[in-house]
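Letter by letter, the chains look like this.
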Amino acid sequence: MATGSALVTIVTSTYSMIWPRHWEKAEHRVVQPVMSPRDCCDEHPSIALPPPPYRAQVTTFGADCRLTFLSEPWLVADFLGVQIRIIDRKQKVPYDGAKWDLLWSDPEGVVDGWALSPQYAEKGLISSHVTTLIKMYTARKKIWKNKGVKPSKFEVSVAQALFHVKKGNQELRDDLKDMYINTAIGAGCRARRRATPQPTRHGEVGMRRRDSMMMKLLVTRPIPVAVEITGASTRVIEVLNPEDDYIWIHDYHLLALPSFLRRRFNRLRIGFFLHSPFPSSELYRSLPVRDEILKSLLNCDLIGFHTFDYARHFLSCCSRMLGIEYQSKRGYIGLDYFGRTVGIKIMPVGINMMQLKSQLQLPDLESRVAELRKQFNGKTVLLGVDDLDIFKGINLKILAFEHMLKTHPKWQGRAVLVQIANPRGGSGKDVQGLKAEIEESCTRINEQFGRSGYSPVELVNRTLSSVERMAYYTVAECVVVTAVRDGMNLTPYEYIVCRQGIPGLDGGDAPKRKSMLVVSEFIGCSPSLSGAIRVNPWNIDTTAEAMNESIALSENENQLRHEKHYRYVSTHDVAYWSKSYIHDLERSCRDHFRRRCWGIGLGFGFRVVALDRNFKKLTVDSIVADYKKSNSRVILLDYDGTLVPQTTINRTPNETVVNIMNALCADKKNVVFIVSGRGRSSLEKWFNSCPELGIAAEHGYFMSRKKQYMFVDQFKSSQNERLYPSSSHVSHESCIEAVTPHLPWMDFVRETVGEKPTVNGSTEYLPLHEHSCVNLIGLNLDRETFFRLGRTRDEQWQINNQCSEFGWMQMAEPVMNLYTEATDGSYIETKESALVWHHQDADPGFGSAQAKEMLDHLESVLANEPVSVKSGQHIVEVKPQSVSKGFVAEKILSMLTENKRQADFVLCIGDDRSDEDMFEGIADIMRRSIVDPQTSLYACTVGQKPSKAKYYLDDTNDVLNMLEALADVSEEVGSPEESEILSPSEEA
Ligand SMILES: O=P(O)(O)OC[C@H]1O[C@H](O[C@H]2O[C@H](CO)[C@@H](O)[C@H](O)[C@H]2O)[C@H](O)[C@@H](O)[C@@H]1O
């Protein structure tokens, strides 16, 4: 393949695979436009297919494309004229009920046949699949007995996994009995009962029915994945060229395929398009395999949906169930998933214009149109074209039509509803019931409103050829779609194109074209048809009104709406759709080979962690070696998510953290700082027992080098006071060391307590060096005295004095108040230099949606203020522009350099976006040579995710282990020259 070529493998299990026709726009090769595969097979049964496998080499968009189809063999007919490689999905489960992954075959093909799924069998998760599979097998057995039909090889392998077949009986295997029999069959029956719409009286369309339909959608739709996928993945894997290929998977049957493929080929470029609706999180979350399906989809690079609603449901499921939030970057929505950005594409599929146009030229069409015109002469035809399926809302449409005839009697004798009910939807009990219901409605209406030569409802209960279908479209004044749920539904698009006809074929002046649509708001094409009358099909009255309005519309309005729709449908055809999708898929995968990928996790939990080539895990050995070699070290540590996990409620540092801090601070080669967004009071309180620790609070608005005791002042003011040790003695931790340059104070201590403090470990403390450390432990000072002797950190906070203007707070606070009132569980944290809106305790989806909205709102309100508005871990924060963790890093390192103590070892660790400023700041400092280029620089993020840091550690445990290793090799007390790096005077 040429460099830069696009290799597209398209995998589908059900669709009539019309997509490849978009290759007809190929630059160097034209794919013969042919009829739909179904029509091909129906109308040209003599087409002989060459034996598979077929190689595909189509040049399109200026690139070589290899198309790999996972589909039915008859689809090959569609691509005569192109060499394609086709993968036959052999093991199709021959029933249409619910299926879970009770049975599982090894996707890697190492183990033959089918087995019980260890994952769900072990967890004891059950559903109706056991019942259904048992029914399936027993039914087959009966047929076999009665008619001599043998079960297929697949059915036998199913049976082997479930029954003691080899022993010659149908008994369910013993190990399954206990696990499933009592629970599964009960649950299965309940699920099926719930799933079956209860018969309703005419016109009574209540929530019960709707709910049950929704349940059915959930119970039946995503389920076959597990069973069907196995054969599919094996075959796809066989033919893939993972380095070159793009793979585009279609629809819910193959929802699990991305995980299988990702596991096999970590770097494969995978796209997925869901042609069905994605349920709302409220419904979706009741699926036992909800996380697995989400994770499988997240193993793709681009996930496509027809409408924003479906995408929104998916995104909200990711947020609620996996805690993954999406971001919008320059109009593209993406989810960061372990270092990979999973793109979201929202675009409804289009129709195949070329194919439809060629069909409109078929000779039979004209005569069929003439026949229909004659049949419906003088009548206004409303048309419905649907599969006979409970989701298509056919009876709702008929009931609405009946209502229209009643409420607008002018249409009696004039309006006809032609309902084509294509029996493709299956032949189960549901469909039988539906058929009976529809027929009953039609008979009733025809009896009530019909007369000689006029049947108000024409029910066409058979599959039509494409010519017949187009003839009906041509004569219909209006198409009515009242599906209660449908992924896309291309009927309105086909209708519009048919009503437009073929220019030139009409002869003479082409008449002004007209078409009118009444469409359900629950179908995927609805948002794109702005000229249609949109209805809630459950509301019979409004649907009836919409039907009336559509056929009573003025000619001019009708024409204008048609033109608008035709413009859209003809430009947004399947070619446009697939081209746009592939373009986005290429863009989403741009960085694939620049990344190093690691696969982690089992089963559907498998995911790939994609990291920059230079991004590595920080190894303790290497950092310890560099640490030991160095003489001037800077250690900058974020707090939340770095030293304490984000998941804990009590964020106080534990003893380990405090000990590590003290051990690191004890080494006088070290300057150690906590660099946090938190306020100074909590940090000071938490690290009260770490007097040597530097603290940069509120992202560096406040900085304090360490808890110093300026004893001389205290001495002067308190030398005449007597100090009495009391029973409440200074705790060990609060009294570790005090640094003093002041000899008089030592005398004061000695006089006061009658004991000699140790200085630099020795009781021989005179003459005191100005950097001496005085050990107060054992001096029996009471708490009051101790604090009176020293000055607390409070008095030593340096303030970032570039920001003195806080008028913006008055502007930001009311905005935050609005959102707080409207978002239950949220609250505002008022810091000294910043305002933070927290939504961790709000509803996850609503909270993050409100946060995005607030971010925009604040950015516009504060556009001219010297502030930055940033989002973080469940927060939106407004803080002064000049304050950032990057600024803290720069300040500390520059100060060391100015003091001729240039750092030769820098470690900075952080987990969130504000820490990225620190990593960026450090990189900038290196570029500007503020630090020696030979400096050992360890910028480290917590968690494997895209970062400006070069290293990562997995979690806070890893961070503490590593810091502990550094603490272990630290020296307790350094030489006097090494001890003071940032002197108070320099700090001032
Ligand atoms: O810079 P960091 O040390 O990572 O601190 C950042 C923010 O920490 C605090 O918020 C975080 O903890 C809250 C619970 O205590 C939690 O609700 C929130 O979601 C976390 O982001 C702090 O309240 C913020 O002001 C800091 O900016």
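Predicted model only: the values in this text are computed from it and were never measured.

Visitor: Even after reading the chapter, I still don't get the pattern of salt bridges, so can you show me in this structure?
Guide: Once their charged atoms are close, side chains differing in charge can pair, the charge on each being opposite to the other. Per the stated rule, a full pass over the model turns up 33 salt bridges. A salt bridge links Asp626 to Lys629, with the nearest nitrogen and oxygen atoms 3.3 Å apart. Here Asp626 pairs with Lys629, and both are found in helix α21 (residues 620-629), just three residues apart, close to one helical turn. Take Asp626: its relative accessible area is 18%, and that puts it in the buried class. Given a relative accessible area of 63%, Lys629 falls into the exposed group.

Visitor: How do you make sense of helix α22 (residues 655-666) when you look at a structure like this?
Guide: Helical periodicity: at 3.6 residues per turn, an α-helix aligns residues three or four positions apart in one direction. Taking 1.5 Å per residue, 12 residues should reach 16 Å; α22 reaches 16 Å between its end C-alpha atoms and fits that length. Where α22 is concerned, the buried positions are Val657, Val658, Ile660, Met661, Asn662, Leu664, Cys665 and Ala666. Turning to α22, the residues buried within the fold contact α21, β23 (633-637), β24 (670-675) and α31 (956-968). A side-chain oxygen of the first residue of α22 lies 3.2 Å from the backbone nitrogen of Thr656; this N-cap is Asn654.

Visitor: Just checking my understanding: could you explain the packing of aromatic side chains for this structure?
Guide: Aromatic ring pairs are defined here through the distance separating the ring centres and the angle between the ring planes. Here the structure, examined in full by the defined rule, presents 17 aromatic pairs. An angle of 80° between the planes, with centres 5.4 Å apart, marks the rings of Phe278 and Phe314 as edge-to-face. One end of the pair, Phe278, is in the loop between β9 (269-273) and α9 (281-284); the other, Phe314, is in helix α11 (residues 308-322), and 36 residues separate them in sequence. Comparing Phe278 with Phe314, the two get one shared label, buried.

Visitor: How should the sheet that holds strand β16 (residues 457-460) be read in this particular structure?
Guide: The strands that make up a sheet are held in pairs by hydrogen bonds between backbone atoms, and each pair lies either parallel or antiparallel. Sheet architecture is open: six strands sit in the order β16-β15-β14-β17-β18-β19, paired in parallel fashion. A single partner strand is all that each edge strand has here, and the edge strands are β16 and β19 (533-535). Pairwise comparison of adjacent strand axes, ignoring direction, gives a mean angle of 20° for this sheet. Pairing geometry for strand β14 (residues 380-387) and strand β17 (residues 478-481), over two bridges, is parallel.

Visitor: Sorry, what's going on with the sheet that holds strand β34 (residues 875-880) here?
Guide: Spatially, four strands are ordered β31-β32-β34-β33 in an open sheet, and the strand pairing comes out antiparallel. Strands with a single pairing partner mark the edges of an open sheet, and in this sheet they are β31 (827-830) and β33 (867-872). The average angle at which neighbouring strand axes cross in this sheet is 15°, direction not considered. Here four bridges tie strand β32 (residues 835-838) to β34, and the two strands are oriented antiparallel to one another. The residue of β34 that forms the bridge with His838 is Ile875.

Visitor: Help me understand the pairing of β9 in this model?
Guide: Regular strands show a simple pattern: their side chains alternate between the two faces of the sheet. The element β9 is largely enclosed, with a buried count of five among its five residues. For strand β8 (residues 245-250) and β9, the ladder comprises five bridges, and the chain directions are parallel. Considered in β9, the bridge of Ile247 is made with Ile270. Strand direction decides the pairing type here: β9 and strand β10 (residues 302-305), joined by three bridges, are parallel. When the sheet's bridge partners are listed, Gly271 is paired in β10 with Leu302.

Visitor: Where do I start with the packing of helix α16 (residues 466-475) against helix α17 (residues 491-500) in this structure?
Guide: To describe two helices that pack against each other, one gives the angle between their axes and the distance between the axes. As a packed pair, α16 and α17 sit with axes 8 Å apart at the nearest point and diverge in direction by 70°. Judged on the interaxial angle alone, α17 and α16 are roughly perpendicular. On the side of α16, the interface is formed by Arg469, Met470, Tyr473, Thr474 and Val475, while α17 contributes Thr491, Glu494, Tyr495, Cys498 and Arg499. Looking at the contact of α16 with α17 residue by residue, the class counts come to five nonpolar, two polar and three charged.

Visitor: Explain the site of the ligand to me, please; I cannot follow it from the model alone.
Guide: Around the ligand there are 19 residues in total, and Gly677, Glu829, Lys831, Gln873 and Lys885 lie nearest to it. One of the side-chain N or O atoms of Arg651 is found 3.0 Å from an oxygen atom in the ligand. Glu877 has a polar side-chain atom sitting 3.2 Å from an oxygen atom of the ligand. In isolation the ligand exposes 570 Å². Once the protein is present, 92% of that is buried. Elements with a contribution of two residues or more to the shell around the ligand: β32 and β34. For the shell around the ligand, the residue count by class is three nonpolar, seven polar and nine charged.

Visitor: Hey, could you run me through the side chain of Thr307 in this one?
Guide: Looking at where Thr307 falls in the secondary structure, it is placed in the loop between β10 and α11. Ignoring any residue separated from it by four or fewer positions in sequence, one finds Thr307 in contact with Ile346, Gly524 and Pro527.

Visitor: Is there a simple way to explain the environment of His275 in this structure?
Guide: Positionally, His275 belongs in the loop between β9 and α9. Judged by its relative accessible area of 4%, His275 is buried. Along the backbone, His275 and His306 are 31 residues apart, and their C-alpha atoms lie at a distance of 6.9 Å.

Visitor: Please explain the nonpolar core as it appears in this structure.
Guide: Counting residues in hydrophobic clusters, the biggest one holds 92 residues, and the most contacted among them are Leu382, Leu383, Phe401, Met404, Val418 and Tyr472. Per-element tally for this core: the top contributor is helix α14 (residues 394-407), with eight residues. In contact with Val418, other than residues within four places in its own chain, are Phe376, Val381, Leu382, Leu383, Gly384, Glu458, Val460 and Tyr472. Core analysis: the second largest hydrophobic core is formed by 44 residues, Leu643, Leu664, Ile674 and Ile909 among them.

Visitor: Where do I start with the confidence of the model for the protein chain in this structure?
Guide: Low-pLDDT portions of the prediction should not be read for the details of their coordinates. When pLDDT is averaged across the protein chain, the result is 71; 62% of the residues are at 70 or more. Note that residues 1-132 has pLDDT below 50 and, in this model, 333 contacts with residues that lie over four places away or in other chains. A low-confidence stretch, residues 178-235 stays under pLDDT 50, and its non-local contacts, those more than four residues away or across chains, total 121 contacts. ipTM for the predicted complex: 0.93, alongside a pTM of 0.61.

Visitor: Would you take a moment to explain unusual backbone geometry for this structure?
Guide: Excluding glycine, a negative phi dihedral is what most residues carry, and trans is how most peptide bonds are arranged. In the Ramachandran plot, Glu698 falls in the positive-phi region, its phi being about 50° despite a non-glycine side chain. Note that Glu698 resides in the loop between β25 (694-697) and β26 (702-704). Looking at Glu698, the relative accessible area reads 3%, which means it is buried. Although it is not a glycine, Lys900 sits at a positive phi angle of roughly 60°.

Rules behind the numbers
Residues numbered from 1 in each chain as written. Predicted model: local features only at pLDDT ≥ 70, side-chain atom pairs only at ≥ 80, totals over all residues. Heavy atoms only, no water. Salt bridge = Lys/Arg side-chain N within 4 Å of Asp/Glu carboxyl O. Helix = DSSP H or I, 4+ residues; strand = E, 2+ residues; numbered from the N terminus. Buried < 20%, exposed > 50% of the residue type's maximum accessible area, 1.4 Å probe, protein only. Expected span 1.5 Å × (residues − 1). Contact = heavy atoms within 4.5 Å. Polar contact = N/O pair within 3.5 Å; in protein donor to acceptor, adjacent residues only side chain to side chain. Phe/Tyr/Trp six-rings, centres within 6.5 Å; stacked < 30°, edge-to-face > 60°. Pairing = 2+ DSSP bridges. Axes fitted to C-alpha atoms, helices over the stretch in contact; angles between N-to-C directions. Parallel < 35°, antiparallel > 145°, perpendicular 65-115°, else oblique. Nonpolar A, V, L, I, M, F, W, Y, C, P; charged D, E, K, R; others polar. Near = heavy atom within 4 Å. Areas by Shrake-Rupley, 256 points an atom, 1.4 Å probe, with all protein chains shown as cover. Core = buried A, V, L, I, M, F, W, Y, C linked by side-chain atoms within 4.5 Å. pLDDT = per-residue confidence, 0-100.

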